[in-house]
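# Summary of structural features
Okay, here's what each chain looks like letter by letter:
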Protein chains: 2
Amino acid sequence: MLGMEAEMLKGHLDAIVLAALESGPAHGYAIIETIRMRSGGTFDLPEGTIYPALHRLEEAGLLSSDWTTPPGGRRRRVYALTRSGTSRLAEGRKAWGRFAKAVEASLGGGRSWPA
Amino acid sequence: MLGMEAEMLKGHLDAIVLAALESGPAHGYAIIETIRMRSGGTFDLPEGTIYPALHRLEEAGLLSSDWTTPPGGRRRRVYALTRSGTSRLAEGRKAWGRFAKAVEASLGGGRSWPA
DNA sequence: CTTCCATACCTAGTAATGCTAGGTATGGAA
DNA sequence: TTCCATACCTAGCATTACTAGGTATGGAAG
């Protein structure tokens, strides 16, 4: 997040994190990187955002984690989507679709506006 | 908000409220109605959301208000966009565009997904 | 060898914000 | 006259992302 539009993530972070794990398990630092890349640099999340979110998602049963130590590397906590995490992600995508549509309709207000 | 996707508005409400006033001044109840209509029923905001938001926006100089009493009617507080409210709305639309694009890129993750 | 940096994790506390759940009041319909 | 829809308000709550600190290790630079 680049300061300007701080706080805008509210409520959408979970789905974004889950999506970052869809292609396979990853650890916190890598997830931050994935999200930054995918979002084209728009979401540059501080660790203080990601780690608590991961804990929350695991607590909720949407992620599972394992401590791993790659040969000659530091200890990492690797997260993976659980079955309910996968289905929550699907819900999250649908919810985002509805939400975005409603916001656009609300902002548009009859007048056309630049895509 | 239909419960399921509660909290998703976070950070976007202000722009939506400002947009509701773009076509002319209105009072709180009418703004709720406008937003519900425009959003196709998705955003059915409780008064406890709107009134504090209006106060916040006025405090921030983005709205101005006047008490009016229509002939044979109840007392209403009518809000209007100020000049800086108008320009904030423009910023809000741009910010939404960037944000939505980044979320879609983050959720999409290489795989195509239903518009 | 020591120093420093990037990696990698963590958490307590803060600020913001939307919502819940209450309250008041009035005009018109039943 | 009773009730509901309109119309406004607020205190307190829950959630959530962020700030600002902290720990530790492997590798590179000096």
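Anyway, here's the lowdown on the structure attached to this text. Keep in mind it's a predicted model, so treat the numbers as computed, not measured.

The geometry of a pair of packed helices is captured by two quantities: the angle between their axes and the separation between those axes. With their axes 8 Å apart at the nearest point, helix H1 (residues 13-20) of chain A and helix H4 (residues 83-108) of chain B run at an angle of 35° to one another. Residue-level contacts link Ala 15, Ile 16 and Ala 19 of chain A of H1 of chain A to Val 103, Ser 106 and Leu 107 of chain B of H4 of chain B. Taken together, the residues of the contact of H1 of chain A with H4 of chain B break down into 5 nonpolar, 1 polar and no charged.

Here we come to the sheet that holds strand S1 (residues 26-27) of chain B. Residue and element names in this part refer to chain B. Spatially, 3 strands are ordered S1-S3-S2 in an open sheet, and the strand pairing comes out antiparallel. Here the strands that pair on one side only, and so sit at the sheet edges, are S1 and strand S2 (63-68). The pairing of S1 with strand S3 (residues 76-81) spans 2 bridges and is classified as antiparallel. Bridge pairing links His 27 to Val 78 in S3.

This next bit is on the sheet that holds strand S3 (residues 76-81) of chain A. Residue and element names in this part refer to chain A. Within the open sheet, the 3 strands sit side by side as S1-S3-S2. Their pairing is antiparallel. With partners counted over all chains shown, the strands left at the sheet margins are strand S1 (26-27) and strand S2 (63-68), one partner each. Contacting S2 and S3, helix H3 (residues 47-59) crosses the sheet at an angle of about 120° to S2.

All names here are of chain B. It is at 9 Å that the axes of helix H1 (residues 13-20) and helix H2 (residues 28-38) come closest, and there the two elements cross at 105°. What the angle tells us is that H1 and H2 run roughly perpendicular. In this structure, H1 uses Ile 16, Val 17 and Ala 20 to contact H2, whose residues at the interface are Ile 31, Thr 34 and Ile 35. Along the lines of polarity and charge, the residues of the contact of H1 with H2 split into 5 nonpolar, 1 polar and no charged.

Rules used in this analysis
Residues numbered from 1 in each chain as written. Chains lettered and ligands numbered in written order. Predicted model: local features only at pLDDT ≥ 70, side-chain atom pairs only at ≥ 80, totals over all residues. Axes fitted to C-alpha atoms, helices over the stretch in contact; angles between N-to-C directions. Helix = DSSP H or I, 4+ residues; strand = E, 2+ residues; numbered from the N terminus. Contact = placed C-beta atoms within 7 Å. Nonpolar A, V, L, I, M, F, W, Y, C, P; charged D, E, K, R; others polar. Pairing = 2+ DSSP bridges. Parallel < 35°, antiparallel > 145°, perpendicular 65-115°, else oblique.

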